[in-house]
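# Observations on chain architecture
Next come the chains, spelled out residue by residue.
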There are 2 protein chains.
Amino acid sequence: MQTRLEDVKAQVQTALDEAMAHLPPGELSDAMRYACIGGKRLRAFLVMESARLFGLSDRESLPVAAAVEALHAYSLVHDDLPSMDDDDLRRGLPTCHIQWSEATAILAGDALQTLAFGLLTEAQIGGPETRLSLIRTFAEAVGARGMVWGQALDIAAETAIQPLDIIAIKRLQGAKTGALIVFSATAGAIMAGEDTAALTEYARNIGLAFQIQDDILDVTGNEAETGKRLNKDDAAGKATFVSLLGLDGAQDKARKLVRAAEAALEPYGDDAGNLRQLARFIIERDA
Amino acid sequence: MQTRLEDVKAQVQTALDEAMAHLPPGELSDAMRYACIGGKRLRAFLVMESARLFGLSDRESLPVAAAVEALHAYSLVHDDLPSMDDDDLRRGLPTCHIQWSEATAILAGDALQTLAFGLLTEAQIGGPETRLSLIRTFAEAVGARGMVWGQALDIAAETAIQPLDIIAIKRLQGAKTGALIVFSATAGAIMAGEDTAALTEYARNIGLAFQIQDDILDVTGNEAETGKRLNKDDAAGKATFVSLLGLDGAQDKARKLVRAAEAALEPYGDDAGNLRQLARFIIERDA
């Protein structure tokens with residue numbers, strides 16, 4: 001899996017570089033490229049591995065993987081803004097608004113969202129109906145019913161009188177990080193015109209496990225490895241899976257979710273080996 | 001033309017309301033709806049009138065018109081932010097970040113961009129290839145080579161040592177406001193699979209005339225009618241068409257552009273009557 005992850009990383013970086021190769025020079029395009037540096041590329045991996053399950057080539061799935069990572073990069077840039085999470089470190093580098101300016105960070109995020117939709121129109125992905133299905137599902141996943149809604153819930157939680165309970169946190173994370181993970185993991189099935197149910201089940205479980213592990217790392221991790229500020233949730237008095245379940249409880253919950261994710265992949269047998277390994281990696285990672 | 005403009009306004013508002021009818025309740029969806037109140041809907045008018053030139057019905061062009069207005073609304077919300085133009089009044093109402101908060105305004109803008117792309121996937125627009133052509137052209141027009149680039153140039157101009165010259169201002173406006181106007185006016189031709197050259201020429205001319213008239217109103221208009229703060233460019237020492245050409249020179253230039261726009265419509269004869277009237281309206285308006 002690690003070899004494949006490195007391979008996906010390299011391919012996605014090339015695709016993103018190419019997509020941004022002919023932008024007008026200036027702070028905007030520099031900031032867009034800057035925002036796309038690094039990252040684990042787990043979402044791209046999900047796209048390309050789910051495509052493989054249905055016999056689709058990397059050539060077909062790569063623009064979708066690049067679109068997902070461009071969209072993810074935009075969401076991080078906007079989440080880090082002073083009026084949002086106010087973060088100064090991301091992927092081991094100063095955040096976009098620190099490196100450039102707030103205005104440039106907002107615009108770079110805006111243009112990365114546009115770029116993501118543009119990438120989904122690429123002919124190499126497949127027929128027109130396929131691309132439209134992807135675009136429609138993507139828009140649902142990342143807009144006012146999905147990712148952006150989740151971020152709005154997160155912002156609202158910061159000023160709420162009572163900390164969120166476990167149901168509210170699951171709902172928030174299901175939207176904020178879960179929706180794009182579900183899109184990524186089901187992209188292959190959408191492209192192949194196949195049923196998305198098993199991959200949706202897989203993705204919901206790893207999405208939640210991913211968030212729980214993030215909460216665990218916020219307490220147990222170190223900034224050099226994660227490349228971002230830690231202990232922020234605790235300092236802000238925000239409810240997390242760790243504050244609600246305790247450290248042991250959170251780790252136990254994450255393990256159960258990973259087992260459920262692995263079970264969901266059963267219909268795909270050995271072909272889903274990399275996706276199974278990814279599920280385990282999600283709770284074993286320390287960055 | 002005024003009757004048709006009112007008709008377009010009503011149709012677009014209904015389409016936007018429907019597109020946002022089933023969003024989760026909360027500040028995010030409230031702010032999105034708020035950002036879509038009012039406006040002249042000139043871009044929607046361009047979409048629906050250009051579609052008519054090719055015998056396309058309102059039913060087919062309406063989602064495209066709504067997409068263009070959702071995109072335009074997002075761009076205004078982000079342009080008005082404190083780190084950008086820092087405006088407190090828009091369309092006669094407090095700007096989105098004043099009414100809600102900066103975080104909510106950023107997220108509402110983000111989700112309106114997503115909504116715009118989602119609208120372009122609607123089946124009633126036409127076949128899959130048609131919708132993909134629109135999405136691809138739209139992404140080019142509003143991203144890092146079009147509208148967002150123009151806004152970045154505008155922000156950069158504020159801190160530049162020398163005010164922009166006329167060539168730089170034309171380039172800036174061609175991207176910031178021109179690109180979406182060109183998309184709107186050519187949408188009908190794209191949908192019909194016809195040549196876009198004449199409508200592009202028309203749109204470039206009215207786009208520039210529109211911006212010149214905005215600069216004129218910034219000096220001669222009143223805030224009650226325009227519904228936004230005026231004299232801002234002058235106060236910021238920003239070069240405008242009025243500062244570069246003088247008031248008479250700017251008015252003269254705008255009239256010439258409108259005549260060129262009308263001439264570009266010649267291939268469409270009487271069918272383009274409403275588009276011709278719109279060109280004249282652009283420089284006669286006082287709001």
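- The name an unreviewed UniProt entry gives chain A is Geranylgeranyl diphosphate synthase, with Paracoccus litorisediminis as the organism.
- Reading the Function (unreviewed entry) entry of the UniProt record for chain A gives the comment "Catalyzes the condensation of farnesyl diphosphate (FPP) and isopentenyl diphosphate (IPP) to yield geranylgeranyl diphosphate (GGPP) needed for biosynthesis of carotenoids and diterpenes."
- Per UniProt, chain A has the following entry under Cofactor (unreviewed entry): "Mg(2+)".

## Side note on a nonpolar patch on the surface
Residue and element names in this part refer to chain A.
- The grouping of Ile166, Ile167, Leu244 and Leu245 at the surface amounts to a nonpolar patch, some 330 Å² of accessible area in total.
- Contributions of two or more residues to the nonpolar patch are made by α9 (166-192) and α13 (241-264).
- Counting through the fold element by element, Ile167 comes out in helix α9.
- You can call Ile167 exposed: its relative accessible area is 65%.

## Observations regarding the packing of helix α3 (residues 42-53) of chain B against helix α4 (residues 58-79) of chain B
Residue and element names in this part refer to chain B.
- Between α3 and α4, the least distance of the axes is 8 Å, while the angle of their chain directions is 155°. Relative to α4, the element α3 lies roughly antiparallel. Crossing of α3 over α4 shows right-handed handedness. Along its contact with α3, which presents Leu42, Arg43, Ala44, Val47, Met48, Ala51 and Arg52, the element α4 presents Asp58, Ser61, Leu62, Val64, Ala65, Val68, Glu69 and His72.
- Class assignment of the residues belonging to the contact of α3 with α4 gives a composition of nine nonpolar, two polar and four charged.

## Quick notes on the pattern of salt bridges
- Per the stated rule, a full pass over the model turns up 38 salt bridges over all chains.
- Put simply, Arg52 of chain A and Glu49 of chain A hold a salt bridge, and the shortest N to O gap is 3.6 Å. Pair noted here: Arg52 of chain A and Glu49 of chain A are both in helix α3 (residues 42-53), with a separation of three residues, about one helical turn.
- Arg52 of chain A gets classed as partly exposed once you look at its relative accessible area, which sits at 43%.
- You can call Glu49 of chain A buried: its relative accessible area is 3%.
- Here Arg33 of chain B makes a salt bridge to Asp30 of chain B, at a shortest N to O gap of 3.7 Å. One end of the pair, Arg33 of chain B, and the other, Asp30 of chain B, are both in helix α2 (residues 27-35), three residues apart, so they sit about a helical turn from each other.

## Comments concerning unusual backbone geometry
All names here are of chain A.
- Unusually for a residue other than glycine, Arg41 sits at a positive phi of about 60°.
- Structurally, the position occupied by Arg41 is in the loop between α2 (27-35) and α3.
- Given a relative accessible area of 3%, Arg41 falls into the buried group.

## Regarding the interface of chain B and chain A
- Opposite the 37 residues of chain B that make contact, chain A presents 37 residues.
- Of all residues in chain B, Leu107, Thr114 and Leu132 of chain B give up the largest surface area on contact with chain A, accounting jointly for 16% of the area buried on that side.
- Viewed at the interface, chain A and chain B are joined by zero salt bridges.
- When residues of the side of chain B that touches chain A are traced back to their parent elements, those giving at least two are α2, α4, α6 (102-119), α7 (128-142) and α8 (147-159) of chain B.

## Digging into helix α14 (residues 273-284) of chain B
Residues and elements named next belong to chain B.
- Spanning twelve residues, α14 covers 17 Å between terminal C-alpha atoms, matching the ideal 16 Å at 1.5 Å per step.
- Regarding α14, the residues found buried are Asn274, Leu275, Arg276, Leu278, Ala279, Phe281, Ile282 and Ile283.
- Looking at the buried side of α14, the elements it contacts are α1 (2-19), α3, α10 (197-220) and α13 (241-264).

## A few points about the relation of the copies chain B and chain A
- With an axial shift of 0.0 Å and an RMSD of 0.0 Å, the rotation relating chain B to chain A amounts to 180°. One copy is carried onto the other by what is essentially a two-fold rotation axis. Ranked by how close their C-alpha atoms come to the rotation axis, the residues of chain B are headed by Pro128 of chain B, at 2.8 Å.
- With an isologous cut-off of 70% or more, the 100% of interface residues of chain B that recur at the interface of chain A puts this contact in the isologous class.

## Some words on the packing of helix α9 (residues 166-192) of chain B against α10 of chain B
Residues and elements named next belong to chain B.
- Between α9 and α10, the least distance of the axes is 8 Å, while the angle of their chain directions is 135°. As far as their axial angle goes, α10 and α9 are oblique. The two elements α9 and α10 cross, and the hand of that crossing is right-handed. Where α9 abuts α10, its residues Lys170, Gln173, Thr177, Ile181, Val182, Ala185, Thr186 and Ala189 lie against Leu199, Thr200, Tyr202, Ala203, Arg204, Ile206, Gly207, Leu208 and Gln211.
- Tallied by class, residues from the contact of α9 with α10 come to nine nonpolar, six polar and two charged.

## Notes on the environment of Ala261 of chain B
All names here are of chain B.
- Turning to its location among the elements, Ala261 is positioned in helix α13.
- Here Ala261 falls in the buried class, since its relative accessible area comes to 0%.
- With 18 residues separating them in the primary sequence, Ala261 and Ala279 have C-alpha atoms 6.9 Å apart.
- Not counting the four nearest positions on each side in its chain, Ala261 is found in contact with Tyr202, Asn205, Ile206 and Ala279.

## Details of the packing of aromatic side chains
- All told, the structure shown has nine aromatic pairs over all chains when counted by the stated rule.
- For the ring pair Phe117 of chain B and Phe138 of chain B, a centre distance of 5.2 Å and an interplane angle of 70° mean the geometry is edge-to-face. Of this pair, Phe117 of chain B sits in helix α6 while Phe138 of chain B sits in helix α7, and the two are 21 residues apart along the sequence.
- Among the residues examined, Phe117 of chain B registers a relative accessible area of 0% and is labelled buried.
- A connected cluster of aromatic rings, assembled from ring pairs, spans Phe117, Phe138 and Phe183 of chain A together with Phe117, Phe138 and Phe183 of chain B.
- The aromatic ring of Phe210 of chain A is capped on one face by Arg285 of chain A, whose charged end is 4.0 Å from the ring centroid.

Reading guide: rules and limits
Per chain, residue numbering runs from 1 following the sequence as it is written. Just so you know, chain letters begin at A and ligand numbers begin at 1, following the order they were written in. Local features are withheld for residues below a pLDDT of 70 in this predicted model, meaning they are given only at 70 or higher, and side-chain atom pairs are given and counted only at 80 or more; totals for whole chains, interfaces and linings count all residues. Remark: hydrogens and water are excluded; side-chain values derive from all non-hydrogen atoms of the structure. UniProt positions are given in the numbering used here, feature names are shortened, and annotations may be inferred rather than shown by experiment. Each patch is built from salt-bridge-free residues with over 30% relative accessible area, joining like charges within 9 Å and nonpolar side chains (Val, Leu, Ile, Met, Phe, Trp, Tyr) within 5 Å. For the area figures, the Shrake-Rupley method with a 1.4 Å probe applies, and any residue is considered shielded solely by the protein chains shown. The term salt bridge refers to a side-chain nitrogen of Lys or Arg lying within 4 Å of a carboxyl oxygen of Asp or Glu. Per the convention used, a helix needs a DSSP run of H or I reaching at least four residues, while a strand needs a run of E reaching at least two, with both numbered from the N terminus. Residue burial is assigned from relative accessible area. The probe radius is 1.4 Å, only protein chains are included, and a residue is buried under 20% of its type maximum, exposed over 50%, and partly exposed in between. Between N-to-C directions, angles cover 0 to 180 degrees, with each direction set by a line fitted to C-alpha atoms, over the stretch in contact for helices. Oblique is the label for any angle not covered by the other classes, which are roughly parallel (under 35 degrees), roughly antiparallel (over 145) and roughly perpendicular (65 to 115). Left-handed describes a crossing whose near helix is turned anticlockwise from the far helix by less than a right angle; the clockwise case is right-handed. Residue contacts follow a heavy-atom distance rule, with two residues in contact if any of their heavy atoms lie within 4.5 Å. The residue classification treats Ala, Val, Leu, Ile, Met, Phe, Trp, Tyr, Cys and Pro as nonpolar and Asp, Glu, Lys and Arg as charged. All others, Gly included, are polar. For any pair of parts, buried area is found by adding up, for both, the accessible area (1.4 Å probe) each one loses once the two are put together. Given the number of residues in a helix, its expected span is that number minus one, multiplied by 1.5 Å. When the copies are superposed, the least-squares fit draws on C-alpha atoms of residues that have pLDDT of at least 70 in both. Here the aromatic set is Phe, Tyr and Trp, taking the six-membered ring for Trp, and pairing holds for ring centres within 6.5 Å; pairs whose planes are under 30 degrees apart are stacked, those over 60 apart are edge-to-face, and all others are tilted. Comment: the charge-over-ring label is applied if NZ (Lys) or CZ (Arg) is within 6 Å of the ring centre and within 35 degrees of the ring normal.

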